[in-house]
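# Fold and contact review
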Amino acid sequence: MRKSALIILLFVVLSTICFSTAGCSDKKPTADSTGIDSIDTDTTATDSLESIISETPMPKAADELFDDFIFNFAANRRLQYKRIKFPLAVYNGKSVTQIQKSQWKMERFFMRQGYYTLIFDNKKQMDLVKDTTINHVVIEKIYFKIKTVKQYIFDRINGEWMMTALNNKAMYQNTNASFLKFYQRFSVDSAFQVRSMNDLVEFTSADPDDDFSTQTGSIIPEQWPSFKPELIPTGVIYNIIYGQKYTESNQKIFVIRGIANGLEEELVFRMKGGKWKLMKFNG
């Protein structure tokens, strides 16, 4: 994400919380208790960030980069209602309905969850996150337990990002359906994790002896419990499509990014022998 004024603000908020509370860096996202919208997690940092954003007018420059816009959109009620094209079209297969402005409920996306996820086929697609020329973005809200995906569609119109439609579909219709089904189990089943690892897995992680350094190496599946990063529970996750064109690729790069908790992980999976295997991870 670009080091804009919003991100500087985020670090100010995070720093304040870390100095005023013990163990800030140890606060991890916890499991989704309902499988739909309720997230049982300590949201002190994100709530503080959200409060500041909601009270600050969004700078015009935030429309240049979608990441800057969406954090404002998710935290600022007035801005959100202003940037939705009402009546909002809602697609459910072949049927189309509309949501009037009076019917809309504030959507905070991943702000209360404390993290968001990204799925890429390759490293080149990751550059799209910083691309200021894109004019169409889709945020996917993936409900694993009920196996559906709600897509929030955004278009930049006359230089301003607007939500222009919602699209509901079954998870099996998603291009990443095979991988999503796999990751749902991988994130919570420790035995399945070990079985889903390559014979040798490369890793980069924090150096336990030096807070400012990292360590790199390779592990065998049996060493996974000692090295594995924090894996996001799979009640509900979000994915942002910045224009990457998914294919039935044999590789998926799964990125987990914390909003105000310092979480940053990247896991690389490849299809081998008809099964997804973890090849590399950073976290």
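None of these values were measured; they are calculated from a predicted model.

As a further point, take the overall build of the chain. Helix and strand content of the chain: 8 helices and 12 strands. Within the chain, counting contacts between residues at least 6 apart in sequence, those at least 24 apart form 63% of the total. Total accessible area on the chain stands at roughly 14200 Å², and carbon and sulfur atoms take up 52% of it.

Once that is clear, we can look at the nonpolar core. Side chains of nonpolar character tend, in soluble globular proteins, to be buried together. In terms of nonpolar packing, the biggest core is built from 40 residues, with Phe66, Ile70, Phe109, Phe154 and Met163 touching the most fellow members. Among the elements that make up this core, the one with the highest residue count is helix α3 (residues 66-75) (6 residues). Here Met163 is in contact with Phe73, Arg83, Ile84, Lys85, Leu88, Trp104, Phe109, Tyr152, Ile153 and Phe154, once residues within four sequence places are set aside. Ranked by size, the runner-up nonpolar core spans 33 residues in total, among them Met197, Ile219, Trp224 and Leu267.

A few words on the pattern of salt bridges. Applying the stated criterion across every chain, the model contains 7 salt bridges. Salt-bridge contacts for Arg83 lead to Glu160; the nearest nitrogen and oxygen are separated by 3.8 Å. Within this pair, whereas Arg83 is found in the loop between α4 (77-82) and β1 (84-92), its partner Glu160 is found in strand β6 (residues 160-170), the two being separated by 77 residues in sequence. What makes Arg83 buried here is its relative accessible area of 5%. The exposure class assigned to Glu160 is partly exposed, which follows from its relative accessible area of 29%.

The next subject is helix α6 (residues 177-186). Within α6, 7 of the 10 residues are buried, which leaves the element mostly enclosed by the surrounding structure. For α6, the full list of buried residues reads Ala177, Phe179, Leu180, Phe182, Tyr183, Gln184 and Phe186.

Moving on, we come to the side chain of Gln193. Structurally, Gln193 can be placed in helix α7 (residues 190-195). Separated by 2.6 Å, the side chains of Gln193 and Trp224 make a polar contact. Every residue in contact with Gln193, bar those within four places of it in the chain, is listed here: Phe186, Ser187, Val188, Trp224, Lys228 and Leu231.

Attention now moves to the environment of Gly159. Mapped onto the elements of the fold, Gly159 is located in the loop between β5 (148-157) and β6. Each C-alpha atom of the pair Gly159 and Lys60 lies 9.4 Å from the other, and the pair is 99 residues apart in sequence.

This brings us to the side chain of Arg257. Topologically, Arg257 is positioned in strand β10 (residues 251-258). Ignoring any residue separated from it by four or fewer positions in sequence, one finds Arg257 in contact with Gly114, Tyr115, Tyr116, Leu118, Val129, Leu263 and Glu264.

It is worth spelling out unusual backbone geometry at this point. Each neighbour pair has its own omega, and for Phe86 with Pro87 the value is -10°, a cis peptide bond. For Lys147, which is not glycine, the phi dihedral falls at a positive 55°. As for its placement among the helices and strands, Lys147 is situated in the loop between β4 (136-143) and β5. The exposure class of Lys147 is partly exposed, given its relative accessible area of 45%. For Asn158, which is not a glycine, the phi torsion comes out positive at approximately 50°. Here Asn158 shows up in the loop between β5 and β6.

This part is about the confidence of the model for the chain. In the predicted model, the chain carries a mean pLDDT of 82, and the fraction of residues at 70 or more is 80%. Taken element by element, the chain is modelled with least confidence in helix α1 (residues 5-20), mean pLDDT 36, and with most confidence in β1, mean pLDDT 98. Per-residue pLDDT stays below 50 along residues 1-42; that stretch engages in 69 contacts with residues further than four places along the chain or on separate chains.

Here we come to α3. For the α-helix, the turn length of 3.6 residues means that residues three or four positions removed from each other point alike. Counting buried positions along α3 gives 10 out of 10 residues, so the element sits mostly inside the fold. Buried residues of α3: Phe66, Asp67, Asp68, Phe69, Ile70, Phe71, Asn72, Phe73, Ala74 and Ala75, and no others.

Parameters at a glance
- Residues numbered from 1 in each chain as written.
- Predicted model: local features only at pLDDT ≥ 70, side-chain atom pairs only at ≥ 80, totals over all residues.
- Heavy atoms only, no water.
- Helix = DSSP H or I, 4+ residues; strand = E, 2+ residues; numbered from the N terminus.
- Contact = heavy atoms within 4.5 Å.
- Areas by Shrake-Rupley, 256 points an atom, 1.4 Å probe, with all protein chains shown as cover.
- Core = buried A, V, L, I, M, F, W, Y, C linked by side-chain atoms within 4.5 Å.
- Buried < 20%, exposed > 50% of the residue type's maximum accessible area, 1.4 Å probe, protein only.
- Salt bridge = Lys/Arg side-chain N within 4 Å of Asp/Glu carboxyl O.
- Polar contact = N/O pair within 3.5 Å; in protein donor to acceptor, adjacent residues only side chain to side chain.
- pLDDT = per-residue confidence, 0-100.

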